[in-house]
Structures are given as structure tokens and as C-alpha cells.
Number of protein chains: 2
Amino acid sequence: MNKKNSKKAAVIIIGNEILSGRTQDLNISYIGKNLEKLGIILVEVIIIPDVEVTIIDKVKHYSGNYDYVFTTGGIGPTHDDITAASIAKAFNVKMLRNSEAVAIMERYYEPGTLTEARLKMADIPEGASLIDNPVSGAPAFQINNVFVLAGVPKIMQAMFDSLTDRLVGGPPILTASVCTNLTESKLAEGMTNIQNECEAVSIGSYPYFKHGKLGVNIVLRSTNKELLLQQTELIEKLIKGIGGKIYKD
Amino acid sequence: MNKKNSKKAAVIIIGNEILSGRTQDLNISYIGKNLEKLGIILVEVIIIPDVEVTIIDKVKHYSGNYDYVFTTGGIGPTHDDITAASIAKAFNVKMLRNSEAVAIMERYYEPGTLTEARLKMADIPEGASLIDNPVSGAPAFQINNVFVLAGVPKIMQAMFDSLTDRLVGGPPILTASVCTNLTESKLAEGMTNIQNECEAVSIGSYPYFKHGKLGVNIVLRSTNKELLLQQTELIEKLIKGIGGKIYKD
């Protein structure tokens, strides 16, 4: 696949609960899938604990090396929500009570319920621009090329959807998939030949194990629709040629 | 929480399919949860594409800085399975056809079906020790402090379960959780006080959004059972004191 024109993104998942296995992350796949539609490739994801020095270090690294960085988690009102303040330190700016954020939250909460604890969520790094939160009021924010989002998937997704007009992607990455009952071993040689014939279409094979049976999903990706269809047909011919079945996804 | 005696682990997830969002990772939570039971803290997870130079770079980094490293993905028989060979390069050793692995696979496969493509899975870095694969035959392997496992969750889990006697952990990390209908904002101040009273019990609060309602899971973690129970009681008192409900997990 031609990746020269593609924009590259990284995701930083901030949260002890993901690392301890207590919470199943659902944000990576949502971000990866939706970036791909925009022609942006998710190149690396890192999952780190709620530790200030680690957040600062990773935000600096990824912000400097990728076109776009997305963080999830740690922007609530409690003692373990240290993402916003850590990111301010990473960019060497102050945390300020953001009057636009306060106004949004005043509209969202019932009169008298916008407590000091809630207002902590309006403390945002200086110079950041807000990102709309249609689900629970308190906005997320963007600073430089870093988008700082909530960890709760429903809220994260709504925030992500409301920021996509700020992202400039390359040509969209198109995908096709073929699912078969054959094992990878039977497909390996033929698939290698098909891959070698055309570098513009990258072919991945992903074994699965369902109901006690192994099978394979073959996924083709390219920015060129014609070549993608051509290579997909070759994969289907390969499967049929060695007596395999093709399933729809 | 006292982390001085704890062993530290990192996970490297290798796979374009996770980054593109096509496949939902299920391995991180399994590994995180089971390491915790063994008194090993999962400190960092990185998700990277199937790119040799990246795999080499990350394996070197994490192997040098953590007690244990687990990789998942990329050990099958196809052209995009480059994990084993990349790890051999990271440790500057040769790839060799492992006779023990061949013998295991000869027992697993029907006579005549152990093809050259399948035998590729018996090519393993020199000096590595095998890890049993009760699900699909071809073994995984360990080299130095790096455990190289399959990506398919069922297979990865069986491999992980069969290697745990090689891991030496610290005191087991105990957890307790309290789930409530209160929002984080209402709990923030009281929870901060309880956290500040006792550093040996770390308190995390994780908002959730279900059926249109927000609530919070509060998770307490410690290696000290008595202190864990004491702090959990304080959290429950806090919730009741401000009129919240407590749910069982």
C-alpha cells in the first residue's frame, strides 16, 4: 500500500483500569476504523497508567512524531483524573478555568448543580480549543495536534465524531475481506505470490477460532479501488482452486 | 499501593488488524487480569503494525526495561507473520528449525498433513524454550524475558495459562470494587480525602454510561487485605452519606 501521502496518527490510552484488565478497551477499534475512513493510518497505540511523568513523556513523544494524537481517559473531576494538567505540563502552558467551557456547562447542568468538583472539568490548558461533548456536557479539548478525549466509550465516540472536520487525511484507505474455512498453512504459498505481485494492495491474514474450528479472514487494503478488486478476485480464485469455501463476513 | 516489590510487565500487541479497528483486542484484559493475580503489574502496552524494524526496536526496549514482556500475534505460517524472525534479530540470534517443535507438530497433525508451510511455525530463535499450545499444536516460545504468543485469543489464553509457572511475582494485588449511581462530581472530594488518608490502597474511579445513565465504579487495589477492607468500608460510608445507592458488580 502506498503510505507516502497518508497521515499518521497515534493513540494514548490513559487508565489503570485498562491495564489491570478490569475494563475492556473499546476505543482503539473505534478510532482506528474511523481514522481509516478519513485516510489517516493509526500507526501506534500505547496504554499507560495514570502517572503524570509518563503522560507528559508520551504526549511529547507522540505529538512530535505523528500528525495527530488522540488521548482517552482521565479528564473527569476526581483525584485520579490528571490527564489535562499533565498535558498542560507537556506543552509548558498553564491550566486556566476556560470561560467558554464554564458557559457550556452552565447550560448543561440544572441551576445550582454546577459544583466546584464539576467546574474542575472546565480547567483546561491555556490556548486549547474545545471539543463538543454531546453526551455529558463537559467539553474535551485540542491542544496543538493532540485531541484529549474522555475514556467512557459512548462519550469518547461522540467527542470523536464532533472533531473529525479538524482532521485532514490522505486518500481514503479501502478494504476488502474474504473469509474462508481453509487454514493459513494451506493458503500461505499462494497468498505470498499474490502479495508479491502487487505491493499497492497489502494483504493480511487473520486466523480465527470459532465453535472449535479454525478459519482465516483475509483482509486486503489499498487506496486504489481497481487494484483492490483485482487482488481480491485472485484471493478468491486461490481459495476455490484448493477446494476451500468462501463465507461472507 | 506499595509497588516496590512488585514485578513489572509490558505487552506488545503486533497486528495491523488491531490498529485498523477490524479486530477487537481481547488479549490485553486477559493478560492484565491474570498477571495481577500473580502479583505482577502490567505497566505498559504498545500496539504496533507488522513491521520488522518496529518489532525489533520495541522488543529491545521493553525487554531491557521490564521484568516480563509478552508479545501477541504474527507467529502463524503466512507472509505477514514476521514476529519470530524479528525477535531473533532483536536478540541477535539465528532462526533454527526446532526439532522439539517439529516432534510436537508431528504428533498433532494427521500423517501427511505437516506441510512445509506448517513447518515454518517450527522455525524458532536459537536458544528459545517452547511454550505449550494445547489448542492448535504449533508451540509458542520464550526467549530471555520475552514470551512470544499467538494473537487468536483462545490460543493465546491457553498458551498464557501453560507458562505461568515460569513467572515469579510479588505479593498478589488484591482488589475490591464498589459500584454506585452517584456521579464522579459528587464523590470527588470525599474520595480524595479517603485516598489521601492511606497511600497503601490506590483508589480509581471509572465512570460508566449504561442505558442512558451515568454511574461510577470505584476500584480499590492493595497488597494489604486489612487496609483494603478498611478503605472499602470508608467508600461505602461516603456513598451512603450522600444518599447514593451501592450496586453489586
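Residues numbered from 1 in each chain as written. Chains lettered and ligands numbered in written order. Predicted model: local features only at pLDDT ≥ 70, side-chain atom pairs only at ≥ 80, totals over all residues.

### A closer look at the pairing of strand β3 (residues 68-72) of chain B
Residue and element names in this part refer to chain B.
Part 1 of the reasoning: With respect to burial, β3 is a largely interior element, five of its five residues being buried.
Part 2 of the reasoning: Burial along β3 is two-sided: Y68, F70 and T72 and V69 and T71, pointing in opposite directions, are all buried.
Part 3 of the reasoning: When strand β1 (residues 7-14) meets β3, the two strands line up parallel, connected through five bridges. The residue bridging I12 from the neighbouring strand is T71, located in β3.
Part 4 of the reasoning: Judged from the four bridges that link them, β3 and strand β8 (residues 146-149) form a sheet pairing that is parallel. Following the sheet pairing, F70 is matched in β8 by F147. (Buried ≥ 20, exposed ≤ 12 C-beta atoms within 10 Å, placed from the backbone. Helix = DSSP H or I, 4+ residues; strand = E, 2+ residues; numbered from the N terminus. Pairing = 2+ DSSP bridges.)

### Here we look at the interface of chain B and chain A
Part 1 of the reasoning: The interface of chain B with chain A comprises 53 residues on the first partner and 53 residues on the second.
Part 2 of the reasoning: The element best represented in the side of chain B that touches chain A is helix α8 (residues 184-197) of chain B, accounting for eight residues.
Part 3 of the reasoning: Of the residues assigned to the side of chain B that touches chain A, the class counts are 25 nonpolar, 17 polar and 11 charged.
Part 4 of the reasoning: For strand β2 (residues 40-48) of chain A and strand β2 (residues 40-48) of chain B, the ladder comprises three bridges, and the chain directions are antiparallel. Among the inter-strand pairings, I47 of chain A is bridged to a residue of β2 of chain B, identified as V45 of chain B. (Contact = placed C-beta atoms within 7 Å. Nonpolar A, V, L, I, M, F, W, Y, C, P; charged D, E, K, R; others polar.)

### Points about the relation of the copies chain B and chain A
Copy one and copy two of the chain differ by a rotation about a common axis and a shift along it.
Part 1 of the reasoning: Placing chain B over chain A gives an RMSD of 0.0 Å and needs a rotation angle of 180°, together with 0.0 Å of translation along the axis. In the structure described here, the two chain copies are related by an operation that fits a two-fold rotation axis. If distances are taken from each C-alpha of chain B to the rotation axis, the shortest is found for I46 of chain B, at 2.2 Å.
Part 2 of the reasoning: Here 100% of the contact residues of chain B are again contact residues in chain A; the copies associate through an equivalent surface. (Least-squares fit on C-alpha atoms with pLDDT ≥ 70 in both.)

### A few points about the sheet that holds strand β6 (residues 129-131) of chain B
Strand pairing in a sheet is mediated by backbone hydrogen bonds. Such pairs are either parallel or antiparallel.
Part 1 of the reasoning: Here 12 strands make up an open sheet; going across it, the order is β6(A)-β7(A)-β8(A)-β3(A)-β1(A)-β2(A)-β2(B)-β1(B)-β3(B)-β8(B)-β7(B)-β6(B) and the pairing mixed. Because the sheet does not close on itself, it has two edges, and the strands there are β6 (129-131) of chain A together with β6 of chain B. Adjacent strand axes in the sheet meet at a mean angle of 20° when their direction is disregarded.
Part 2 of the reasoning: Taken strand by strand, helix α7 (residues 153-163) of chain B contacts β3, β6, β7 (140-143) and β8 of chain B, and its axis lies near 150° from that of β8 of chain B. (Axes fitted to C-alpha atoms, helices over the stretch in contact; angles between N-to-C directions.)

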